Amino acid sequence: MRALLSVYDKTNLTEFARALHDSGHELVSTGGTQAAIAGAGIPVKHVEDLTGFPEILDGRVKSLHPAIYGGILARRDIAEHNAQLAEHGIGTIDVVASNLYPFVDTVSQPDATLIDALENIDIGGPTMIRGAAKNFPHVIVVVDPADYGWISERLASGKDLKQDERRSLARKAFQHVALYDTTISQYLGEDVLEPDETTFGFSKVSTLRYGENPHQQAGLYAAPLSSGGIVRAKQLHGIDMSYTNYLDADAAWRVVADFEEPAATVIKHTNPCGLAVHDDQPTAYQRAFEGDSVSAYGGIVAFNRALTAATAQAMRGVLFDIIIAPSYEADALDVLRRRRRTRLLEVKPASGPQEGLDVRLVSGGALVQQTDDIAESPADWKVVTERQPTDAELADLAFAWRAAKHIKSNTIVLAKDNTLVGMGAGQPNRVVSVHLALRIAEDKAKGSVLASDAFFPFADNIEMAASGGITAIAQPGGSIRDDEVIAAANEHGIAMLFTGTRHFRH
């Protein structure tokens, strides 16, 4: 029996090599792996002892040889294969342990060059792994050091691996190579929508207790080339996160991350029920909380600045499941850690080739689009009514318009003083969303502005908005009844602007 070991990650390598040797395997290895095994006093041959050919091109070519791949790929149940091995003096290879050059670690360095990246693209390793995985009924393929222990115990007991265990190892091996290749592809060209074929690779961060419901399995996965974001949030306190916690937390972080000004938001079921920007963080929080204080209970609150002790004090007495910020003052943590169950997350800005994408699985495949991050300015909008908006109204419209793209369609946002005072979300028709926004805002609707994520199909929306005291409106325009809608706004003295873009979020 023979085992070929060629690994970059040498975790528990010598222990595994010794177990293979003790179970009767002749060890063959390459480069640094061979040196590590030999250094531990374990007999090991160099791969060139089998190939009769030295490593060349600075190690780029060392295992790519028939003496290696014949031994890996030969089917033991085919007499002709065995005869050909004998004819050419090739022995079988029964175990292949390999993992790959650290491509992700290399390209993640700020000073990494293209040459650095190319030199860390493994060739022999993936070929070895694929060959062994293809022939898994006869070859044990190991890519994860976590599997060394149980495989060693099985071989030491004189028992072979079962076919389903070999198959499972082969699947893990193919996935290991697939993720590696996907990462390289993304590095070489970040526009995933450009090629006709695409893959998305993720590595498991943790297994979650369950999905949206207890009968659903769930896990948290990270994109290898990404950094920051909710997936890599540092949990400073509180009970474990659930699937829905991560969904809501991501929605909260995306909202505040979209504002350059100090912002605070309160999220319930992925929708902002409160949002405000203000230079004084406790004030921003208080205004966001008052946007819908009933819905805020048990929700998520997020900030895009370091959370201060004053803000932590302002939140006392309000139950939040999760609190999110890029950092925390020490005194703020002292206060917040008194909340036994509340999760405290420290989140950094997200970056990576997949950050500009929105990917959703649908039956039979996936929908992929760019994220809704178009740069917009009220200076580009068109005033279509007789009355011009005031400077204060225009500022509030810009705030409301930015907020609208984070809320489920049909979306209506009411805002005043850079604060969300009411919103309607996810309704089958827009007039119901207007009604809900006004009902939530109550008296705060008077003198506020309104943003609609898509055009108004009928003037009844404007009539209802006017009844609640709305003074200015921003909407995309483009309805066949725009003239009727504009006329209704003029009748009620409402300033209306067409943005020319819409912000559907389904």
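In case you missed it, the structure is sitting above this.
Cut-offs applied
- Residues numbered from 1 in each chain as written.
- Predicted model: local features only at pLDDT ≥ 70, side-chain atom pairs only at ≥ 80, totals over all residues.
- Heavy atoms only, no water.
- Helix = DSSP H or I, 4+ residues; strand = E, 2+ residues; numbered from the N terminus.
- Rg over C-alpha atoms; globule rule 2.2 N^0.38 Å.
- Buried < 20%, exposed > 50% of the residue type's maximum accessible area, 1.4 Å probe, protein only.
- Contact = heavy atoms within 4.5 Å.
- Areas by Shrake-Rupley, 256 points an atom, 1.4 Å probe, with all protein chains shown as cover.
- Lys, Arg positive; Asp, Glu negative; His and termini not counted.
- Charge placed at Lys NZ, Arg CZ, Asp CG, Glu CD.
- Arc of directions from axis to C-beta.
- Polar contact = N/O pair within 3.5 Å; in protein donor to acceptor, adjacent residues only side chain to side chain.
- Pairing = 2+ DSSP bridges.
- Right-handed = clockwise from strand over helix to strand, strands pointing away.
- Patch = residues over 30% accessible without salt bridge, like charges linked within 9 Å, V, L, I, M, F, W, Y side chains within 5 Å.
- Salt bridge = Lys/Arg side-chain N within 4 Å of Asp/Glu carboxyl O.
- Axes fitted to C-alpha atoms, helices over the stretch in contact; angles between N-to-C directions.
- Phe/Tyr/Trp six-rings, centres within 6.5 Å; stacked < 30°, edge-to-face > 60°.
- Lys NZ or Arg CZ within 6 Å of the ring centre and 35° of its normal.
- 1 Å grid on protein atoms, 1.4 Å probe; cavity = no way out; pocket = protein on both sides within 12 Å on 5 of 7 lines; lining within 4 Å.
- Points joined across faces, edges and corners; volume = space filled by probe spheres on them.
- Nonpolar A, V, L, I, M, F, W, Y, C, P; charged D, E, K, R; others polar.

Caption draft 1: Quick look at the overall build of the protein. For the protein, the helix and strand inventory stands at 19 helices and 21 strands. Relative to its length of 506 residues, the protein is extended, with a C-alpha radius of gyration of 30 Å against a globular reference of 23 Å. In terms of overall dimensions, the protein has a C-alpha envelope of 95 × 55 × 45 Å along the principal axes. Residue burial in the protein is summarised as follows: out of 506 residues, 48% are buried. Pairs at least 24 apart in sequence give 54% of the contacts found in the protein among residues at least 6 apart. Entry remark: accessible area of the protein is about 24,600 Å², with carbon and sulfur atoms responsible for 50%. Distance from the positive charge centre (47 side chains) to the negative charge centre (65 side chains) of the protein: 7 Å.

Caption draft 2: Here's a closer look at the environment of glutamate 290. You can see glutamate 290 is positioned in helix α12 (residues 281–290). On the basis of relative accessibility, which here comes to 43%, the residue glutamate 290 falls in the partly exposed class. The spacing of glutamate 290 and serine 157 is 133 residues in sequence and 67 Å in space, taken between C-alpha atoms.

Caption draft 3: Geometry of α12. By the burial criterion, the buried members of α12 are Gln281, Pro282, Ala284, Tyr285, Ala288 and Phe289. Down the axis of α12, the smallest arc covering the buried residues is 160 degrees, so these residues share one side. Against the buried residues of α12 lie β9 (263–268), β10 (271–277), α13 (293–296), β11 (299–303), α14 (309–314) and β12 (320–325).

Caption draft 4: Expanded view of the side chain of histidine 237. Positionally, histidine 237 belongs in strand β8 (residues 234–237). At 2.5 Å, the side chain of histidine 237 forms a polar contact with the backbone oxygen of arginine 339. In this view, histidine 237 contacts Leu336, Arg337, Arg339, Arg340, Thr342, Arg343 and Leu344; residues no more than four positions away in its chain are not counted.

Caption draft 5: Here's a closer look at the pairing of strand β19 (residues 449–452). Of the two faces of β19, the one carrying Val449 and Ala451 and the one carrying Leu450 and Ser452 are both buried. Alignment of β19 against strand β20 (residues 472–475), held across three bridges, turns out to be parallel. Following the sheet pairing, leucine 450 is matched in β20 by isoleucine 473. Considered for its hand, the β-α-β crossover made up of β19, helix α18 (residues 460–467) and β20 is right-handed.

Caption draft 6: Representation of a negative patch on the surface within the structure. Taken together, Glu260, Glu261, Asp279 and Asp280 make up a surface patch of like negative charges. Positionally, aspartate 280 belongs in the loop between β10 and α12. You can call aspartate 280 partly exposed: its relative accessible area is 35%.

Caption draft 7: Looking closely at the sheet that holds β11. Strand order in the open sheet formed by six strands is β8-β13-β12-β11-β9-β10, with mixed pairing between adjacent strands. Taken across any chain shown, the strands that pair with only one partner, and hence form the sheet edges, are β8 and β10. Each strand axis lies, on average, 20 degrees off the axis of its neighbour in the sheet, ignoring direction. α12 rests against β9, β10, β11 and β12 of the sheet, and its axis sits at about 30 degrees to β9.

Caption draft 8: View of the pattern of salt bridges. Inspection of every chain in the model, using the stated rule, returns 13 salt bridges. Measuring nitrogen to oxygen at the nearest pair gives 3.2 Å for the salt bridge that ties aspartate 94 to arginine 76. Here the residue aspartate 94 occupies a position in the loop between α5 (79–88) and β4 (95–98), and arginine 76 occupies one in the loop between α4 (66–73) and α5, the gap between them amounting to 18 residues. In this structure aspartate 94 comes out as buried when scored by relative accessible area, which is 16%. Residue arginine 76 is classed as partly exposed on the basis of its relative accessible area of 22%. Among the salt bridges present, the one from lysine 172 reaches aspartate 147, with a minimum N-O distance of 2.9 Å. Here lysine 172 is found in helix α10 (residues 163–188), whereas its partner aspartate 147 is found in the loop between β5 (140–142) and α9 (148–156), with 25 residues between them in sequence. Given the relative accessible area of 34%, lysine 172 is considered partly exposed. Put simply, Arg2, Glu26 and Lys45 are held in one network by salt bridges that share partners.

Caption draft 9: Broad picture of the packing of aromatic side chains. Considering all chains together, one arrives at eight aromatic pairs under this definition. With a centroid separation of 4.2 Å and an interplanar angle of 0 degrees, the aromatic rings of phenylalanine 16 and tyrosine 148 are classed as stacked. One end of the pair, phenylalanine 16, is in helix α1 (residues 13–22); the other, tyrosine 148, is in helix α9, with 132 residues separating them in the sequence. Overall, the relative accessible area of 1% leaves phenylalanine 16 in the buried class. Relative accessible area serves as the criterion here: at 3%, tyrosine 148 is assigned to the buried category. By the ring-pair criterion, three or more aromatic residues cluster together here, those being Tyr285, Phe289, Phe303 and Phe320. Its end group placed over the ring of tyrosine 8, lysine 10 keeps NZ or CZ at 5.9 Å from the ring centre. Over the aromatic face of phenylalanine 259 sits the side chain of arginine 402, whose NZ or CZ is 5.4 Å from the ring centroid.

Caption draft 10: Structural view of the layout of surface pockets. Space inside the second largest pocket adds up to approximately 580 Å³. Lining the second largest pocket are 19 residues, and of these Leu100, His176, Leu179, Tyr180 and Ser203 lie nearest its centre. Across the lining of the second largest pocket, the residue classes break down as eleven nonpolar, four polar and four charged.

Caption draft 11: Representation of the environment of serine 467 within the structure. Relative to the elements of secondary structure, serine 467 occurs in helix α18. Take serine 467: its relative accessible area is 62%, and that puts it in the exposed class. Linking serine 467 and alanine 445, residues 22 residues apart in sequence, is a C-alpha distance of 9.7 Å.

Caption draft 12: Spatial organisation of the sheet that holds strand β1 (residues 2–6). Judged by pairing direction, the sheet is parallel, and its five strands sit side by side in the order β3-β2-β1-β4-β5 without closing on themselves. Each edge of the open sheet carries a strand with a single partner, namely β3 (45–46) and β5. As defined by bridge partners, β4 adjoins β5 across three bridges and the pair is classed as parallel. Note that in β5 the partner of valine 95 across the bridge is isoleucine 140.

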